[in-house]
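# Coordinates in review
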Amino acid sequence: RLDAMLQSQCGRDLFECTRAGVLPGEGRLLKCLKEKLSKLQPSCAAQLRKTVHAEAEDVRVNFEVSKACEAELHHYCASVKPEGALGCLELHLGGSDFGAPCATAVRATMRLALQDYRLHPQVKAACEPTLPRVCPTVPPGEGAVLRCLLDGEGSGNLTDKACARAIRQAARSAFVSYTPRH
């Protein structure tokens, strides 16, 4: 079930998903909203960002990852705290016994978080204070702020070490989450 806040803020957008044939259950409506993030009503997009942020911080609330990665979480990340589980899964993506459904779910979660710095918990926490100085006119979304911060880090304009570390990690995540289209 979608959480009540998401349902209340996304009524119109959820209606569009169901009208397009998306059936409730198994996280399908949430996936539909995530796929339409840049086209959602502002209040829905804001609430969805909170949900996605929470999912990145704790995979237990990420339906897609927790369902697809049950075995991998147990095998690779049993001793990892929930807030580190997504990073743990990311680290083991190349494992020979890492299932394709889990890899797909992890990559989708990572790609979504890379679209908007506000969805990436580590980048948001480390870099938000730096943004007015390094990327004052760059609007969030479509990876623009992350690109600006990465450019700043590469040119030496990003002096905040914690932010620079978070941006380098986000860049590695972007590389890991990339799947070529055939």
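Preceding this section is the structure that the text describes.
Read on for a plain summary of the structure. This structure is a prediction, so every number in the text was calculated from the model and none was measured.

Time to look at the packing of helix 3 (residues 28-35) against helix 4 (residues 42-57). Closest axis-to-axis distance for the helix 3/helix 4 pair is 11 Å, and the angle between their directions is 115°. Judged on the interaxial angle alone, helix 4 and helix 3 are roughly perpendicular. Relative to helix 4, the crossing made by helix 3 is left-handed. Residues L30, L33 and K34 of helix 3 form the contact with helix 4, whose own contacting residues are C44, L48, T51, V52 and E55. Counted by class, the contact of helix 3 with helix 4 contains five nonpolar, one polar and two charged residues.

Here the focus is the state of the cysteines. Summed over the entire model, instances satisfying the criterion amount to six disulfides. Here C127 pairs with C163 through a disulfide, and the sulfurs are 2.0 Å apart. As the torsion about the S-S bond is roughly 110°, the C127-C163 disulfide counts as right-handed. Taken as a pair, C127 in helix 9 (residues 121-127) and C163 in helix 12 (residues 161-177) lie far apart in primary sequence, 36 residues in all. Residue C127 shares its accessibility class with C163, and that shared class is buried.

This part is about the pattern of salt bridges. Throughout the structure, instances matching the rule amount to six salt bridges. Across the salt bridge formed by R60 and D58, the nearest N and O atoms sit 2.7 Å from each other. Taking relative accessible area as the criterion, D58 reaches 16% and is therefore assigned buried. Two residues, R168 and E153, come together in a salt bridge whose shortest N-O distance is 2.8 Å.

Cut-offs applied
Residues numbered from 1 in each chain as written. Predicted model: local features only at pLDDT ≥ 70, side-chain atom pairs only at ≥ 80, totals over all residues. Heavy atoms only, no water. Axes fitted to C-alpha atoms, helices over the stretch in contact; angles between N-to-C directions. Helix = DSSP H or I, 4+ residues; strand = E, 2+ residues; numbered from the N terminus. Parallel < 35°, antiparallel > 145°, perpendicular 65-115°, else oblique. Left-handed = near helix turned anticlockwise from the far one by under 90°. Contact = heavy atoms within 4.5 Å. Nonpolar A, V, L, I, M, F, W, Y, C, P; charged D, E, K, R; others polar. Disulfide = S-S within 2.5 Å. Buried < 20%, exposed > 50% of the residue type's maximum accessible area, 1.4 Å probe, protein only. Salt bridge = Lys/Arg side-chain N within 4 Å of Asp/Glu carboxyl O.

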